[in-house]
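Now for the letters of each chain:
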Amino acid sequence: MELIFATSNKHKLSEAKGIIGNQISLVSPESLGIFDSIPEDEPTLEGNALFKARYLWQINKMNVFADDTGLEVEALNGSPGVKSARYASEECDAGLNMQKLLKELNGVKNRKARFRTVIALILDGREYLFEGIVNGTILENKSGTGGFGYDPLFLPDGYTKTLAELTFEEKNLISHRGLALRKLAEFLKTI
Ligand code: IMP
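Residues numbered from 1 in each chain as written. Predicted model: local features only at pLDDT ≥ 70, side-chain atom pairs only at ≥ 80, totals over all residues. Heavy atoms only, no water.

1. Some words on the overall build of the protein
Cut-off, in case you're wondering: To qualify as a helix, a DSSP run of H or I must reach at least 4 residues; to qualify as a strand, a run of E must reach at least 2; elements of each kind are numbered from the N terminus. Our radius of gyration looks at C-alpha atoms and nothing else; its globule reference is 2.2 Å times the residue count to the power 0.38. Relative accessibility decides the category of a residue: with a 1.4 Å probe and only protein chains considered, values under 20% of the type maximum give buried, values over 50% give exposed, and everything between is partly exposed. Note on definitions: a residue-residue contact is assigned when non-hydrogen atoms from the two residues lie within 4.5 Å. Residue-level accessible areas treat just the shown protein chains as cover; the underlying method is Shrake-Rupley with a 1.4 Å probe. Only four residue types enter the charge count: Lys and Arg as positive, Asp and Glu as negative, with His and the chain ends excluded. Taken as the charge centre is NZ of Lys, CZ of Arg, CG of Asp or CD of Glu, depending on the residue.
Scanning the protein from N- to C-terminus turns up five helices and seven strands. Expected size for 191 residues packed as a compact globule is a radius of gyration near 16 Å; at 17 Å, the protein falls within 12% of this value. Dimensions of the protein, computed from C-alpha atoms along their principal axes, come out at roughly 50 × 30 × 25 Å. Residue burial in the protein is summarised as follows: out of 191 residues, 45% are buried. Contacts in the protein between residues at least 24 apart in sequence constitute 55% of all its contacts with a sequence separation of at least 6. For the protein, the accessible area works out to roughly 9900 Å², and carbon and sulfur atoms hold 50% of it. Between the mean site of the 23 positive side-chain charges and the mean site of the 26 negative ones, the protein shows a separation of 2 Å.

As structure tokens, then:
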């Protein structure tokens with residue numbers, strides 16, 4: 001079976017291929033000649049993931065999944081959440097986003113946070129949602145150079161290294177996106 005992964009991010013595509021394996025042939029919209037930039041304006045991760053999946057489903061009725069991720073900080077009532085990419089500015093600058101987060105949390109004792117990924121799958125016209133969560137703490141200073149986004153500030157529960165200090169493989173094993181993708185992979189094995 002062919003399944004579209006609604007992403008233009010090659011990193012994400014190869015991560016998903018690694019987890020979903022050979023049972024399904026994952027294809028990008030670009031490989032099908034679809035270069036549309038799909039808006040992510042919904043107020044929730046679920047809404048954005050479903051919007052992207054539905055957008056592509058409408059084009060050619062091919063089975064498709066899309067993801068959306070946010071960093072949810074308890075003391076900030078779940079912010080930046082769905083706005084994680086553009087928290088500080090429209091430029092999606094990770095350095096500025098982390099700077100803003102540290103400012104918002106300045107003097108705040110409760111540093112609990114979680115990364116949450118939602119995957120929306122449309123299979124033969126039916127919609128399914130899968131969720132992956134990694135809980136942790138926002139540090140007061142950045143540590144590590146790996147990963148991307150907020151990784152240098154995020155210490156996963158039970159670890160002494162930030163996500164930016166873990167290897168690519170170590171991060172994928174515990175990450176929100178890895179967990180959601182493994183749930184999707186398990187589901188796809190049952191169809
Ligand atoms: P996306 O939905 O995967 O594009 O993620 C939205 C935003 O959340 C990204 O631009 C990052 O700022 C942040 N983010 C998502 N996944 C991660 C991660 O694994 N580590 C750090 N930040 C992430």
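2. Side note on the site of the ligand
Worth spelling out the cut-off: Near is defined per residue: the residue qualifies when any heavy atom it owns lies within 4 Å of the molecule or strand. Between N or O atoms, a polar contact is any pair within 3.5 Å; within protein, one atom must be a potential hydrogen donor and the other a potential acceptor, and residues adjacent in sequence are included only when both atoms are from side chains. As a working rule, the residues Ala, Val, Leu, Ile, Met, Phe, Trp, Tyr, Cys and Pro are called nonpolar, Asp, Glu, Lys and Arg charged, and the rest polar, with Gly in that last group.
With respect to spatial proximity, 13 residues lie near the ligand, and among them Lys 12, Asp 68, Thr 69, Asp 151 and Lys 171 are the closest. A distance of 3.0 Å separates an oxygen atom of the ligand from a polar atom in the side chain of His 176. About the coverage of the ligand: the protein hides 87% of its 470 Å² of free accessible area. Broken down by secondary-structure element, the contributors of at least two residues to the shell around the ligand are strand S3 (64-73) and helix H5 (176-189). Among the residues forming the shell around the ligand, the class breakdown is four nonpolar, four polar and five charged.

3. Points about unusual backbone geometry
With an omega of -5°, the peptide bond running from Ser 79 to Pro 80 counts as cis. Structurally, the position occupied by Pro 80 is in strand S4 (residues 80-81). With a phi angle near 55°, Asn 77 is a residue other than glycine that sits in the positive phi range.

4. Topic: the pattern of salt bridges
Selection rule: Counted as salt bridges are all cases of a side-chain nitrogen of Lys or Arg within 4 Å of a carboxyl oxygen of Asp or Glu.
Counted by the stated rule, this structure contains 11 salt bridges. Linking Glu 131 and Arg 116 is a salt bridge whose minimum nitrogen-to-oxygen distance equals 2.8 Å. One end of the pair, Glu 131, is in strand S6 (residues 126-138); the other, Arg 116, is in strand S5 (residues 112-123), with 15 residues separating them in the sequence. What makes Arg 116 buried here is its relative accessible area of 10%. Put simply, Glu 46, Glu 72, Arg 114, Arg 116 and Glu 131 are held in one network by salt bridges that share partners.

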